[in-house]
Amino acid sequence: MDRKQEQVRRYLEGAKREKTWTERKELARRSKQRRASRPGTGSGRRREWSDEDDAEDFERTERRRTRGDRQRPPEVETPPPKPTHFGQVVGVTSGRARVRTERGDVEAVLAPAIAKTQRSSLAVGDEVGLAARVDGSFVLVEVAERRSSLSRPDPSRPDVERVLAANVDVAVIVAALVQPALRQRLIDRYLIAVQRGGVRPIVCANKADLVDGPEERERLERLLDVYAAGGVPTIFTSAATGEGVDRLREELAGRTVVFVGQSGVGKSSLLNAVAPGLDLVVGHVREGDGKGRHTTTASTLHEVPLVGGQTRLVDTPGIRGFLLAGVDAGSLAEYFPEFEELRGGCRFADCRHVHEPDCAVRLAASSGALAPARYETYLRILASFDE
Ligand code: GDP
Ligand code: ZN
């Protein structure tokens, strides 16, 4: 072996070798330093969120995504046999699924190829094909292409995308106007995640009964106008007085629906107001504690008869931390429709609307023609992509 070869061999060995504890600590320290030296990122930004665990989770989730995405394993092809029955998944547990078919609900075992990648390949709402075995049991052998999906990184394996619900039509993003205080940035993030998955968003501004006086109400309405202007139905609701509940019910009738939002904003209360008598506890299992593969991570699909049609409600614990899969710095602005109208005025066709000269978006934000909070959200998410 000549000297060059020997060098290469040693280098590879070094790269392969497990890093020692001290080495890892040093690497972490250096990368933290690098982050802190970038403007608009690092610990300052984190501190602002630290009063709110949900929001922090949310940001961390997004950041992990940018690293993990590249390593996602390739899709595994579904093997034969051919399906003989079809239905929709209403519950998933490890290696098994509950499927609603024309002749009622059946339990099916997942075909090995599907079981291997089940966190990303199978979710409540998926339309599936089953093959009947001689003994009368079923094997789930095929998953139809999804119309939409909501996903997030696996809590214990951030490089694995876990799909929480498939084929959802409408996501109700619930935010409280007060208690907890309105977090517009969080709404913006949910909006992106939801729209990215191909799901139609509705914003519910809940606890309207607790808003202090007509002036405050007006201020909040103006603040949320930006969503209605962008084509997102925005409803002021109160689970306590019933305000907005009829309108919400109309929006949901006949659709497959999911409710998302921070804890405490009133998701359960609103659901109960929309569909009294709904037993929300059914199938509600704890998840996301990351305590290993055998924890049940089921979500369920309830059918709720509402005026105007049967609504299917996907109840997914832990749906709050979405994965912004597929959104990158170049496409982020597409999720801010109000920017798109302005971008023709930017000097550069590929303007990212940050420091570029003659950027129409930045100008509009500083003059107030564009909601500054939305522009701020945009900048923050953009910065998180660099980490
Ligand atoms: P979730 O964690 O989002 O499901 O929130 P919950 O439905 O559990 O509600 C959290 C708390 O807010 C509970 O104490 C509810 O009674 C209260 N709450 C929910 N919606 C409203 C509302 O519209 N008005 C008022 N005054 N309280 C509400
Ligand atoms: Zn621009």
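Asker: Help me understand the site of ligand 1 in this model?
Answerer: In the vicinity of ligand 1 there are 15 residues, among which Asp-209, Ala-239, Gly-264, Ser-268 and Ser-269 approach most closely. Between Asn-206 and ligand 1, the recorded distance is 3.2 Å, taken from a side-chain N or O atom to a nitrogen atom. At a separation of 2.7 Å, an oxygen atom of ligand 1 approaches a polar backbone atom of Ala-239. When ligand 1 sits alone it has 580 Å² of accessible area, and the protein chains cover 66% of it. Class assignment of the residues belonging to the shell around ligand 1 gives a composition of four nonpolar, eight polar and three charged.

Asker: Whenever I open this one, the packing of helix α9 (residues 245-252) against helix α10 (residues 267-274) confuses me. Can you help?
Answerer: Two measures define how a pair of helices packs: the angle their axes make with one another and the distance between the axes. At a minimum axis separation of 10 Å, α9 and α10 run at an interaxial angle of 80 degrees. When the interaxial angle is binned, α9 and α10 end up roughly perpendicular. Between α9, through Val-245, Leu-248, Arg-249 and Leu-252, and α10, the contact on the second element is made entirely by Leu-270, Ala-273 and Val-274. Of the residues in the contact of α9 with α10, the class split is six nonpolar, no polar and one charged.

Asker: Would you take a moment to explain the coordination of the zinc ion (ligand 2) for this structure?
Answerer: Octahedral metals with six donors have ideal donor angles of 90 or 180 degrees. Tetrahedral metals with four donors have an ideal donor angle of 109.5 degrees. Of the protein atoms, only Cys-346 (SG), Cys-351 (SG), His-353 (ND1) and Cys-359 (SG) coordinate the zinc ion (ligand 2), at distances of 2.1 to 2.4 Å. Viewed at the metal, the four donor atoms of the zinc ion (ligand 2) are separated by angles of 104 to 115 degrees, and the geometry they form is tetrahedral.

Asker: Help me understand the packing of helix α7 (residues 184-196) against helix α8 (residues 213-229), please; the structure alone is not making it clear to me.
Answerer: Between α7 and α8, the shortest axis-to-axis distance is 12 Å and the interhelical angle comes to 10 degrees. With respect to their mutual orientation, α7 and α8 come out roughly parallel. The segment α7 lies against α8, with Gln-184, Ile-187, Asp-188 and Leu-191 engaging Leu-223, Leu-224, Val-226 and Tyr-227. Of the residues that constitute the contact of α7 with α8, the class distribution is six nonpolar, one polar and one charged.

Asker: I would appreciate a short explanation of the packing of aromatic side chains in the present structure.
Answerer: Here the distance between the centres and the angle between the planes together describe a pair of aromatic rings. One pass over the structure, following the stated rule, counts five aromatic pairs. Taking 5.1 Å as the distance between ring centres and 70 degrees as the angle between the ring planes, the aromatic pair formed by Phe-339 and Tyr-378 counts as edge-to-face. Here Tyr-378 lies in helix α13 (residues 372-384) and Phe-339 lies in helix α11 (residues 337-340), a separation of 39 residues in the sequence. Given the relative accessible area of 0%, Phe-339 is considered buried. Among the residues examined, Tyr-378 registers a relative accessible area of 1% and is labelled buried. Taken together through their ring pairs, the aromatic side chains of Phe-336, Phe-339, Tyr-375 and Tyr-378 make up a single cluster.

Asker: Help me out: how do you make sense of the environment of Gly-197 in this one?
Answerer: Residue position: Gly-197 is located in the loop between α7 and β9 (200-206). With a relative accessible area of 14%, Gly-197 lands in the buried category. C-alpha separation for the pair Gly-197 and Arg-147, spaced 50 residues apart in sequence, amounts to 8.8 Å. Each residue touching Gly-197, except ones within four places of it in the same chain, is listed here: Ser-148 and Ser-149.

Asker: Where do I start with the pairing of strand β1 (residues 85-93) in this structure?
Answerer: Alignment of β1 against strand β4 (residues 127-132), held across four bridges, turns out to be antiparallel. Along β4, the bridge assignment pairs His-85 with Leu-130. Pairing of β1 with strand β2 (residues 96-101) involves six bridges; the strand directions are antiparallel. Counted as the bridge partner of Val-92 is Ala-97 from β2.

Asker: I'm lost on the nonpolar core in this one. Help?
Answerer: A general tendency of soluble globular proteins is for nonpolar side chains to be buried together. With 47 residues, the main nonpolar core has Leu-122, Leu-140, Leu-177 and Ile-187 as its most contacted residues. Those residues in contact with Leu-140 that lie beyond four places of it in its chain are Val-89, Ala-97, Val-99, Ala-108, Val-109, Leu-110, Ala-111, Ile-114, Leu-122, Val-128, Gly-129 and Leu-130. Core analysis: the next-biggest nonpolar cluster, separate from the first, contains 18 residues, Tyr-335, Phe-339, Cys-351 and Ala-365 among them.

Asker: Please explain the environment of Glu-251 as it appears in this structure.
Answerer: Here Glu-251 shows up in helix α9. Taking the C-alpha atoms as reference points, Glu-251 and Val-170, separated by 81 residues in sequence, lie 8.6 Å from one another. Polar contacts involving the side chain of Glu-251 include one to the side chain of Arg-200, which spans 3.0 Å.

Asker: What is the right way to read the pattern of salt bridges from this model?
Answerer: Two side chains that carry opposite charge are able to pair once their charged atoms sit near each other. Following the criterion strictly, the structure yields 18 salt bridges and no others. Taking the shortest distance from any N to any O, the salt bridge between Arg-374 and Asp-188 comes out at 2.6 Å. Taken together, the residues span a long stretch of sequence, with Arg-374 in helix α13 and Asp-188 in helix α7 at a distance of 186 residues. Assessed through its relative accessible area of 1%, Asp-188 is described here as buried. With its nearest N and O atoms 3.0 Å apart, the salt bridge here joins Glu-216 to Arg-219. Separated by three residues within a single helix, Glu-216 and Arg-219 lie in helix α8, roughly one turn from each other.

Asker: Please clarify how α8 should be interpreted in this entry.
Answerer: Think of an α-helix as 3.6 residues a turn; residues three or four steps apart then line up on the same face. For α8, spanning 17 residues, the distance from its first C-alpha to its last is 24 Å, which sits close to the expected 24 Å at 1.5 Å a residue. At Leu-223, α8 shows its maximal kink, close to 35 degrees. If you check which residues of α8 are buried, you get Leu-220, Leu-224, Val-226 and Tyr-227. Just downstream of α8, Gly-231 is the residue with a positive phi angle, here 90 degrees.

Scoring rules and cut-offs
Residues numbered from 1 in each chain as written. Chains lettered and ligands numbered in written order. Predicted model: local features only at pLDDT ≥ 70, side-chain atom pairs only at ≥ 80, totals over all residues. Heavy atoms only, no water. Near = heavy atom within 4 Å. Polar contact = N/O pair within 3.5 Å; in protein donor to acceptor, adjacent residues only side chain to side chain. Areas by Shrake-Rupley, 256 points an atom, 1.4 Å probe, with all protein chains shown as cover. Nonpolar A, V, L, I, M, F, W, Y, C, P; charged D, E, K, R; others polar. Axes fitted to C-alpha atoms, helices over the stretch in contact; angles between N-to-C directions. Helix = DSSP H or I, 4+ residues; strand = E, 2+ residues; numbered from the N terminus. Parallel < 35°, antiparallel > 145°, perpendicular 65-115°, else oblique. Contact = heavy atoms within 4.5 Å. Donors = N, O, S within 2.8 Å, 3.2 Å for Na, K, Ca; no water. Tetrahedral: all angles 85-135°; square planar, octahedral: opposite > 155°, others 65-115°. Phe/Tyr/Trp six-rings, centres within 6.5 Å; stacked < 30°, edge-to-face > 60°. Buried < 20%, exposed > 50% of the residue type's maximum accessible area, 1.4 Å probe, protein only. Pairing = 2+ DSSP bridges. Core = buried A, V, L, I, M, F, W, Y, C linked by side-chain atoms within 4.5 Å. Salt bridge = Lys/Arg side-chain N within 4 Å of Asp/Glu carboxyl O. Expected span 1.5 Å × (residues − 1). Bend = angle between axes of the 7 residues up to and from the residue.

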